Amino acid sequence: MAEAISVKNINKEFPGVKANQDINLSVNQGEIRAIVGENGAGKTTLMNIMYGLYQPDSGSIFIKGKEVKLHSSRAAISNGIGMVHQHFKLVPSFTLGQNIVLGMEPQRMGFVDNKRINQSVKEISEKYGLPIKVNNLARDASVGEQQRAEILKALYRGADILILDEPTAVLTDMETEELFEMLRGLAKQGKTILFISHKLREVLAVSDTTTVMRLGKIVGTVQTSETDSCQLAEMMIGRDTVGGRMRQNGVHPGEVVLELKNICVRDERNLLAVKNVNLQLHGSEVLGVAGVDGNGQEELIEAVMGLRPLLSGEVIVHGKNITHTSTRKIRESGVAYIPSDRNKSGVAIDALIWENLIASDYYRPPISAWLSLRQKEILQIAKDLIQRFQIFTPSANLQTGHLSGGNIQRLIVGRELGSERAMAVVASQPTRGIDISGTESIRRTLLEYANRGAGVLLVSADLDEVLALSDRVVVLYEGELYDAGVVDDEVRKRVGNLMTGSKEGCINDK
Amino acid sequence: MEIDLNRIITLSLFAATLRMATPVLLATLGGIFSSQTGIFHVGLEGLLDIGAFFAVVGSVATGSPWGGLVYAIVACSIASLIFAFVHLELRANEIIVGLALNIFATGMTNFLLFAVLGATGYYQSPLLKGFSVVQIPVIKDIPVINELLSGHFPLVYIAFFMVIVVYLVLYRTPFGFHIRAVGENIDAAKAIGINPKRIKYAGLLIAGVFCALGGSFMSLSYLNLFSEGISAGRGWLALAAINFGLGRPIPALVACLIFGFADALALRLQQFGLPSQIVLMLPYIVTFLVLGASAIQRETRKRNASRLKVGHEHA
């Protein structure tokens with residue numbers, strides 16, 4: 001079959017990250033190609049390059065054998081490439097039909113011709129088997145319908161190659177099934193489809209071929225019919241057992257410091273994001289929570305910290321039930337929290353360093369003296385934390401925003417762990433986007449803290465991190481928690497299978 | 001004190017309502033364009049001032065109110081382009097730029113009032129030619145209706161006619177679609193190749209032109225004069241009307257008519273010896289009530305909508 005699109009020797013570097021290295025990829029016309037890989041494997045970067053949103057540092061793109069330069073998404077569109085983003089780009093008060101034709105509206109005497117919109121949208125909707133109600137307002141349409149409108153938007157603009165960025169992330173199982181049916185129909189009519197996914201079950205169900213990416217490189221491309229989920233999972237997360245292990249094995253856990261019982265939490269869309277999670281964190285233990293981003297990690301942690309309503313379940317800290325109390329109560333009962341978004345929830349970025357360092361203790365002695373803050377004590381504490389946690393700054397009187405990411409994170413760790421009161425530490429993506437030395441020091445601090453008897457709940461999408469630090473690993477997949485057991489030579493395989501959804505053994509749908 | 005309702009609620013009260021609503025309506029229609037591109041335009045008040053002043057200058061210079069209108073349009077367009085440049089290119093906050101424009105407008109018109117027209121406080125002169133009223137051929141002979149609809153100044157008719165034009169432009173033309181797309185979901189607009197900046201420039205420019213019309217109406221109809229602070233909060237009322245209608249022209253028209261009616265009623269009641277300080281509060285109390293009512297209505301609707309969603313969820 002004829003080649004629809006290919007890329008040769010694509011390289012793309014962001015500050016500190018080689019997002020794409022020597023990528024070669026060729027997709028035939030009428031093919032459904034899945035691109036899979038962990039967070040940060042470089043899938044989205046590659047797709048954005050193919051859609052003209054990023055310019056590669058080097059390398060070339062060919063469409064039907066002819067080299068093209070894609071300086072913008074406009075250029076990509078005129079070359080027959082369409083993209084359906086993970087977050088839909090629809091105008092809420094427009095009808096779906098109007099959204100589909102926006103920017104290319106059929107006109108009559110200077111006015112938008114709604115009749116012809118309906119006609120032509122219906123035409124392509126029927127031709128490609130993507131049913132929508134043309135006159136439905138976008139804001140009233142279901143998620144599935146909005147997605148179909150996005151696909152039609154690309155097709156209306158003459159797309160022959162469709163790129164879908166995690167199209168199933170927002171869909172229910174039913175909608176996912178329907179989407180796959182439609183994608184197969186599109187492929188039969190000669191459209192080429194590339195889709196990004198984490199979920200191997202879906203990849204196996206719909207794709208013809210699967211390309212696996214890891215750490216910015218292509219690991220390999222396989223015929224989907226000739227593989228199974230275990231092979232793909234292994235390609236995705238690597239074959240090595242546990243490299244760079246920082247935690248010694250065989251630590252004896254203490255008593256339970258944090259217990260979650262039957263936790264259920266809803267997300268912003270009001271769907272169940274955390275389903276009946278039970279978990280026990282012991283003292284002296286590092287419990288790793290692995291899983292691809294967006295499988296309920298954020299919702300779970302925020303609910304534990306009292307930042308998001310619990311639908312049901314109980315949170316117990318050191319035998320004390322703290323369910324439905326305030327975040328301050330939860331912290332006072334001995335839980336430290338390192339949030340994943342350090343600039344948004346970890347610090348007040350415009351505040352001074354010392355202000356952030358006392359942000360969790362400002363209201364009580366020795367810092368607070370009724371109506372005033374004790375400057376002398378504060379400076380003492382700040383100096384001490386800055387030194388102990390190696391926050392590189394000339395002064396505690398500097399705006400926090402001037403610090404590097406690693407330093408900000410050390411500031412947060414210092415504030416949370418410096419007083420050594422916490423019995424349980426909830427650390428979410430503690431080293432995301434931080435340089436190597438910063439990562440190293442934060443990991444060491446967490447381990448030290450565990451050695452002193454506290455429990456550390458380490459939530460991270462970085463599997464290597466989880467395996468390097470944890471005693472025991474659990475996996476969140478689609479809101480459910482699975483036990484992957486203690487870290488041993490086989491753990492990587494078990495975690496890989498759990499986090500890609502092949503918990504009941506290897507799947508091969510074809 | 002006896003007040004005879006029959007003498008207050010008369011046809012001329014309704015005619016006055018249309019007249020009083022006109023400048024607010026014009027500023028509202030203009031503001032709708034900028035608001036639909038996603039800009040909260042607090043500079044309408046200042047633009048009305050600038051329009052009113054340059055209408056006077058133009059009228060004196062050319063000897064015709066229409067010449068005055070052209071001057072006003074040019075002046076307001078320049079002011080709007082400066083606003084657009086500072087907000088869109090230099091990325092200054094729209095509220096701050098709008099407030100600056102208002103303060104600047106007051107200062108500039110006061111200064112130029114003296115520098116150009118040699119007056120302080122206000123300017124009035126036989127050289128100043130205002131618009132004359134339009135008698136509509138057939139309607140002027142129909143009793144009752146004529147008192148209501150005929151014999152208004154041209155800008156009154158233009159203002160009400162423009163409601164339809166604005167509606168059609170926003171909801172029926174590609175340009176209007178692009179304006180609304182930019183205002184509602186700028187990413188959606190960008191994704192299909194619309195240039196949001198260009199659209200915002202256009203929206204601000206149109207707002208300026210409409211304020212020029214509104215300003216000209218204030219200084220060149222009925223009382224032919226310019227006085228300091230002539231817009232007297234009408235730009236703010238326009239903002240309220242836009243907010244009430246959520247940027248849609250027809251509900252905004254309703255709000256303008258309510259404001260116009262309150263204004264006209266206030267004038268009328270003054271003639272009946274009610275203390276003017278109290279009566280003149282009327283338009284603003286009405287504004288308050290109108291905005292409050294619309295906010296409550298919106299909240300209730302939102303709450304109902306979210307209740308609906310919870311009912312339909314599938315966990």
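Thresholds, definitions, all that
Residues numbered from 1 in each chain as written. Chains lettered and ligands numbered in written order. Predicted model: local features only at pLDDT ≥ 70, side-chain atom pairs only at ≥ 80, totals over all residues. Helix = DSSP H or I, 4+ residues; strand = E, 2+ residues; numbered from the N terminus. Rg over C-alpha atoms; globule rule 2.2 N^0.38 Å. Buried ≥ 20, exposed ≤ 12 C-beta atoms within 10 Å, placed from the backbone. Contact = placed C-beta atoms within 7 Å. Nonpolar A, V, L, I, M, F, W, Y, C, P; charged D, E, K, R; others polar. Pairing = 2+ DSSP bridges. Axes fitted to C-alpha atoms, helices over the stretch in contact; angles between N-to-C directions. Domains from an automatic or database assignment. Expected span 1.5 Å × (residues − 1). pLDDT = per-residue confidence, 0-100.

Caption draft 1: Structural view of the overall build of chain B. Summing up its helical and strand segments, chain B has 14 helices and two strands in all. In terms of overall dimensions, chain B is globule-like: its C-alpha atoms have a radius of gyration of 21 Å, near the 20 Å expected for 315 residues. Oriented by its inertia axes, the alpha-carbon framework of chain B measures out at about 70 × 50 × 40 Å. Looking at chain B residue by residue over its 315 residues, the buried ones come to 44%.

Caption draft 2: View of the overall build of chain A. Scanning chain A from N- to C-terminus turns up 17 helices and 24 strands. Sequence separation of at least 24 residues holds for 69% of the intrachain contacts in chain A that already meet a minimum separation of 6.

Caption draft 3: Quick peek at the interface of chain A and chain B. Contacts between chain A and chain B engage 19 residues on the former and 19 residues on the latter. Elements represented by at least two residues in the side of chain A that touches chain B include exactly α2 (73–78) and β8 (111–112) of chain A. Taken together, the residues of the side of chain A that touches chain B break down into eight nonpolar, eight polar and three charged.

Caption draft 4: The arrangement of the sheet that holds strand β4 (residues 58–63) of chain A in detail. Residue and element names in this part refer to chain A. With antiparallel pairing, four strands are arranged side by side in an open sheet as β2-β1-β4-β5. Across the chains shown, the open sheet's two edge strands, defined by having one partner strand only, are β2 (17–28) and β5 (66–68). Recorded for the sheet is a direction-independent mean angle of 25° between the axes of neighbouring strands. Relative to β5, β4 runs antiparallel, the two sharing three bridges. Along β5, the bridge assignment pairs I63 with K66. Lying on the sheet, helix α1 (residues 43–50) is in contact with β1 (3–14), β2 and β4; it crosses β1 at an angle near 120°.

Caption draft 5: Local environment of the domain arrangement of chain A. Residue and element names in this part refer to chain A. In terms of domain boundaries, chain A breaks down into domain 1 (3–237) and domain 2 (256–488). Measuring from the centre of the C-alpha atoms in domain 1 to the corresponding centre in domain 2 gives 37 Å. Residue composition of the side of domain 1 that touches domain 2, by class: two nonpolar, three polar and one charged.

Caption draft 6: Structural view of helix α14 (residues 405–417) of chain A. Residue and element names in this part refer to chain A. Over its 13 residues, α14 extends 18 Å from the first C-alpha to the last, a length consistent with the 18 Å expected when each residue adds 1.5 Å. Taking burial as the measure, the 13 residues of α14 include 12 buried ones, the bulk of the element. Within the sequence span of α14, burial applies to G406, N407, I408, Q409, R410, L411, I412, V413, G414, R415, E416 and L417. Those residues of α14 that are buried are in contact with β18 (335–338), α11 (342–346), α12 (353–357), α13 (375–388), β21 (424–428) and α15 (436–451).

Caption draft 7: The arrangement of the confidence of the model for chain B in detail. Residues and elements named next belong to chain B. In this model, chain B carries a mean pLDDT of 88, and residues with pLDDT of at least 70 account for 94%. Low pLDDT, under 50, characterises residues 308–315; the predicted model gives this stretch seven contacts beyond four residues in sequence or across chains. Scored as a whole, the predicted complex attains pTM 0.76, and scored at its interfaces, ipTM 0.83.

Caption draft 8: Layout of the pairing of strand β6 (residues 81–84) of chain A. Residue and element names in this part refer to chain A. Residues I81 and M83 line one face of β6 and the alternating positions G82 and V84 line the opposite face, and both faces are buried. The pairing of β6 with strand β9 (residues 161–165) spans four bridges and is parallel. Of the residues in β9, the one forming a bridge with I81 is I161.

Caption draft 9: Examining the environment of L291(B) more closely. Residues and elements named next belong to chain B. One can find L291 in helix α14 (residues 282–312). The sequence separation of L291 and A159 amounts to 132 residues, and the corresponding C-alpha distance is 23 Å. Contacts of L291, omitting those with residues within four sequence positions, involve A240, N243 and F244.

Caption draft 10: Just the environment of L373(A), in detail. Residue and element names in this part refer to chain A. The residue L373 is located in strand β20 (residues 372–373) in this model. For L373, a count of 15 C-beta atoms within 10 Å puts it in the partly exposed group. Taking the C-alpha atoms as reference, L373 lies 8.5 Å from Y363; in sequence the two are 10 residues apart. Setting aside its immediate chain neighbours within four residues, L373 contacts Y362, I367, S368 and I378.

Caption draft 11: Molecular detail of unusual backbone geometry. Residues and elements named next belong to chain A. Here P365 and P366 are connected by a cis peptide whose omega angle stands at 5°. Tracing the sequence through the fold places P366 in the loop between α12 and β19 (368–369). A positive phi is found at H324, a non-glycine position, where the angle reads about 60°. In this fold, H324 is placed in the loop between β17 (320–321) and α10 (327–332). Given 11 C-beta atoms within a 10 Å radius, H324 is considered exposed.

Caption draft 12: Representation of α15(A). Residue and element names in this part refer to chain A. For α15, spanning 16 residues, the distance from its first C-alpha to its last is 23 Å, which sits close to the expected 22 Å at 1.5 Å a residue. On its buried face, α15 is in contact with β15 (286–290), α14, β21, β22 (455–459) and α16 (463–469). After α15 finishes, the residue G453 shows a positive phi value of roughly 115°.

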